[in-house]
Each structure stands twice: as C-alpha cells, then as structure tokens.
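Summary of structural features
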Amino acid sequence: MISDTKTFQSALEQLEIERGIPKEKILETIELALAAAYKKDYGKRGQIIRAKFDPASGRSDFWQVKIVVDESMLKPEESDEETAETAEPENQKVPEIRRSFEPQEPEEETPTEEHKVRFNPERHMMIDEAKKIKKGVKAGEELTFVLEAKDDYGRIAAQTAKQVIIQRIREAERESVYDEFKKKEGGIISGIVQRIEGRNVFMDLGRITAILPSEEQIRGERYRIGERIKALLYLVEKTPRGTNLYLSRTHPQFLVKLFEMEVPEMASGTVEIKSVAREPGARSKIAVASSAEGIDPVGSAVGQKGVRVSTVIAELGGEKIDIIEWSDEPQDFVENALSPAKILDVEIQKRSRTAKVIVDEDQLSLAIGRGGQNVRLAARLTGWKIDIQSRAGESVAQASEEGEVSGENIEKGE
C-alpha cells in the first residue's frame, strides 16, 4: 500500500486545479502501467489484463478479460508453422507510459463477423462456455475474471504513481508554456538578457528562455547581461524536447507593435498602420490612416511635441521614422511616401505599375536620400516602382517595389 495516501490525493487535486490535468487521466495511466507490469510478471501470452487502482487505500486489483465469440467470428484453424510465426513473443516488454497519457490501443480489435480473428483461449471464450457462466451473454461481450492480488504490487503501485505524476507535471509544464506563449505570438515581449553565445542572445522570460538570433538584432546594438529589452515574439515552435521561442527586433511588425503600445488610437483601431518599410537601425517609413472623421492619423502617431514617436525611436536606438498619411490614390500615396522631399508631379503607369516622379533640382537629393534610402523605402512602402526625374525629364534614380535602387546620382542623396 501507498504509505501516505493523503499526500497522494493532495497531489492529484493540485495537478487538477493548478495545471488542469484531470485526476481521472492520471489514474487511468497508472492503471495501464500496472496492468502491463502484472502481465509481464504473472500473466500468460495473449491475455488481456486490466487493473483498478484505489488512491485512497493504495490497493490494486487485477482481472483478466475474455471476449465472447462464436464460430462466425473466427478464422479457420492454422498450421503449427503459421502459429509459431504469428505468436506473441515470449519476452514481450512492458509498454512504456505514453507521453500522450491517452489509453493504449487494444491489443487486438474486438472480433466481429466482418473482422475475424484466430481463437486464443487466453483472450477468447466460446459462447456456449460463456453462457454457463453468465446467462444471456452475447457474442462480442466481455467476461471478467478476478486475478490473485500480489503483495509486492503496493510497492509497484506507489512507484508507478510517482512516475506518472512526475511525467504528467513535466508534460503539463510543456503544454502550459506552449499555450501561454502561443497566444503572445506576434506581440511584444519583455525579457532579461541571460547569456550571450556568439552573436545569439538568450533572454529569460520567467518560465522559459527565448533566443534573439543575430540576424534579428538591430545592427550596432550591444546587449549586456541583466539588461531588460523588448522584442517581437515572431515564432513559437513546439518540439519533442519542449517549446522554442524566437525573438526579433528587426521585424517590421516590431515597429507596428511599439506604436500600438504608445498610441491609444492605434490600440483602439481608430488609427491604423497600413504599410511599413523598414531598414532596422537606420530609417523606417510608416503609412497611417484614420477610420474616424476629425482624427489626424499622423498627429496621433507623432503625439504632442513628438513624445509618442520619440519613445519608439528611443526603443529602436535612434532609428529615424517618417510617418506619412496613407491614401487610396497612388499619386498622393507616392508623393507622401517621398517625404520630406517636395514633389512637382506624379505620373502613374498602371500597366507597368510605375510612378514617374518629377522633382525640382534642389529637391532631388532629398527625394533620393543617402545611398538611395528615401526612394528605396518609398517604393517598398507603396508597392510601386518609382522613377525619380528632374524637371528637364532626365531620369535620376529608380527604385523597384522590392526596394532595389539604380541610377547614377543615388550617392548624392541626403
């Protein structure tokens, strides 16, 4: 018997309340393991053995199950050679407690007229014999026979119960961690830098450690052990060994979520970020729109005296952010996207999805940006190929929708 049944009962109730594991499932798993152990030690080949474990007393009861069959459910007799080939191995191992903790599959499907089986006296009983034990029994029903209880199975039951509970706790922890962070996937999470291996940063999130890979770090940022930082939880991955969390500070969605944290109008949905183009650590452009009259989407994102956008910029280590108003009209959207440059005219060619932009000579460098950055981000933001031209019609710089820039004068941009 289990010496401390109160402790065991308490453990079952705690698992059910705190971790959501029904105690019936735990007891079911214990009984499966006990039945398998009893069959290994005292059973015979082909037997179906079941167990009942009483957590209050620690007592384990065992019984054998036989399925009632008639001639229509049985296959013809087979030769001795065939029997030897299909016989259950003598040294059959006790099945391990399954990680899913669901009931094991039956050793053999219940025989039916369509699903015939070989007769095995250890697991089957002919209906004529069965009726001598239970009147009115029908083919396909089960008869049970109590097996002798063994003294040492109190100890085995205690060990099995302990093993199952430990496994259940571990499994519950894994499932709980996965469920908790899966709900947070795509959102911002805060953690403390635990260790740095190579260029990868490992962050302590309390219940689990997440990784900020080198390619997801903003160029030039340095992290210190014990420092608290924010990042986007962009992937929650379940593996056989547990849950893996991957973070990013370069993802465009990180910028979006930072603004949603700082701008109440975005959190409520009144103001929406429609498009983002970002070069992490250097410069970003976001296009915003308002769904309510009287609300300035750009002003909402910037905040009074620029306090809102300044907070986001500080979190990104000084990354410049251009906030422009989104428009359904391609001409207006492209013009806004090339801010702070002043545009003379925008000609839209829908078939080639190209926007030809006319700019004064003194605005060319602003429109192009240093190294073509401004026109590159504008093209990504709008999804249009942008061709920057001087007033004289000379093509100065071109940027594709993917942000690839070409032109002789891109290095002259500001």
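This structure is a prediction, so every number in the text was calculated from the model and none was measured. (Residues numbered from 1 in each chain as written. Predicted model: local features only at pLDDT ≥ 70, side-chain atom pairs only at ≥ 80, totals over all residues. Heavy atoms only, no water.)

A closer look at the packing of aromatic side chains
Convention followed: Stacked, tilted and edge-to-face are the three classes applied to pairs of Phe, Tyr and Trp rings, where Trp contributes its six-membered ring and a pair requires centres within 6.5 Å; stacked means planes under 30 degrees apart, edge-to-face means over 60, and tilted covers the rest. A run of H or I in DSSP counts as a helix once it spans at least four residues, and a run of E counts as a strand once it spans at least two, with each numbered from the N terminus. Any residue under 20% of the maximum accessible area for its type is buried, any over 50% is exposed, and the rest in between are partly exposed; the area is computed with a 1.4 Å probe on protein chains only. Ring-over charges, as used throughout, are those where CZ of Arg or NZ of Lys falls within 6 Å of the ring centre and within 35 degrees of the ring normal.
Enumeration according to the criterion identifies three aromatic pairs in this entry. Seen in terms of ring centroids, Tyr38 and Tyr42 are 5.3 Å apart; in terms of plane orientation they differ by 55 degrees. Their pairing is tilted. Of the two residues, Tyr38 and Tyr42 both sit in helix α2 (residues 23-42), four residues apart, roughly one turn of that helix. Using a relative accessible area of 4% as the deciding quantity, one classes Tyr38 as buried. Between the aromatic rings of Trp326 and Phe333, the centroid separation amounts to 6.2 Å while the plane-to-plane angle is 65 degrees, which identifies the pairing as edge-to-face. Among the aromatic residues, ring-to-ring pairing joins Tyr38, Tyr42 and Phe62 into one connected group. One cation-aromatic arrangement involves Arg195 over Phe202; the distance from NZ or CZ to the ring centre is 4.0 Å.

Re α2
Stated precisely, the cut-off is as follows: Multiply 1.5 Å by the residue count of a helix minus one, and that product is the helix's expected span.
If you check α2, its first and last C-alpha atoms are 28 Å apart, about what 20 residues at 1.5 Å a residue would give, namely 28 Å. Taken together, the buried positions of α2 are occupied by Ile26, Leu27, Thr29, Ile30, Glu31, Ala33, Leu34, Ala35, Ala36, Ala37, Tyr38 and Lys39.

Regarding the pairing of strand β9 (residues 242-248)
Moving residue by residue along a regular strand, the side chains alternate between the two faces of the sheet. Spelled out, the test is: Strands qualify as paired when DSSP identifies two bridges or more between them.
With five of seven residues buried, β9 is to be regarded as a mostly interior element. Two elements, strand β8 (residues 228-239) and β9, share seven bridges in a ladder whose sense is antiparallel. From the neighbouring strand, Val236 faces β9, where its bridge partner is Leu245.

What to know about the sheet that holds strand β16 (residues 395-399)
Spatially, the five strands line up as an open sheet ordered β13-β14-β15-β16-β17, and their pairing is mixed. The strands lining the two open edges of the sheet, one partner per strand, are β13 (345-349) and β17 (405-406). With five bridges joining them, β13 and strand β14 (residues 354-359) adopt antiparallel strand pairing. Residue pairing for β14: Ile348 is matched across the bridge by Ala355.

Some details on the nonpolar core
This is how it is decided: Only buried residues count toward a nonpolar core, which is a set of Ala, Val, Leu, Ile, Met, Phe, Trp, Tyr and Cys residues joined through side-chain atoms within 4.5 Å.
Counting 28 residues, the largest nonpolar core has Val334, Leu338, Val357, Ile386 and Ile388 as its most contacted members. Every element with two or more residues in this core is listed here: α10 (330-337), β13, β14, α11 (364-368), α12 (373-382), β15 (385-390) and β16. Top element by residues in this core is α12. It accounts for five residues. Among the nonpolar cores identified, the runner-up in size contains 19 residues, and Ile218, Leu255, Val288 and Val309 belong to it.

Considerations on the pattern of salt bridges
Quick note on the threshold: Here a salt bridge means any side-chain nitrogen of Lys or Arg lying within 4 Å of a carboxyl oxygen belonging to Asp or Glu.
This structure, assessed with the given rule, holds 20 salt bridges. Via salt bridges that share partners, Glu180, Lys184 and Arg207 belong to a single interconnected network.

A few points about a negative patch on the surface
To keep it simple, the criterion reads: Put simply, a patch holds well-exposed residues, over 30% relative accessible area, that have no salt bridge, with like charges counted together within 9 Å and Val, Leu, Ile, Met, Phe, Trp or Tyr side chains within 5 Å. Computed with a 1.4 Å probe, the accessible areas rest on the Shrake-Rupley method; for each residue, only the protein chains presented here act as cover. When charges are counted, Lys and Arg are positive and Asp and Glu negative, with His and the chain ends excluded. To locate a charge, take atom NZ for lysine, CZ for arginine, CG for aspartate or CD for glutamate.
There is a patch of like negative charges on the surface, built from Asp328, Glu329, Asp332, Glu335, Asp345 and Glu347. Counting only elements with at least two residues in the negative patch, the list comes to α10 and β13. With respect to the helices and strands, the residue Glu347 is situated in strand β13.

Here we look at the confidence of the model for the protein
Rules: For every residue, the pLDDT score states the predictor's confidence, bounded by 0 at the bottom and 100 at the top. Note on contacts: a residue pair qualifies if any of its non-hydrogen atoms lie within 4.5 Å across the two residues.
Residue-level pLDDT values for the protein average 83, and 84% of them are 70 or greater. Counting contacts from residues 82-106, a segment whose pLDDT is below 50, to residues more than four positions away or on other chains yields 39 contacts.

So, α10
Put simply, the rule reads: What the arc covers is the set of directions going from the helix axis to the C-beta atoms.
Taken residue by residue, α10 has Pro330, Phe333, Val334 and Ala337 as its buried positions. For α10, the angular spread of the buried residues around the axis is 95 degrees, confining them to a single face. Against the buried residues of α10 lie β11 (283-290), β12 (320-325), β13, β14, α12 and β15.

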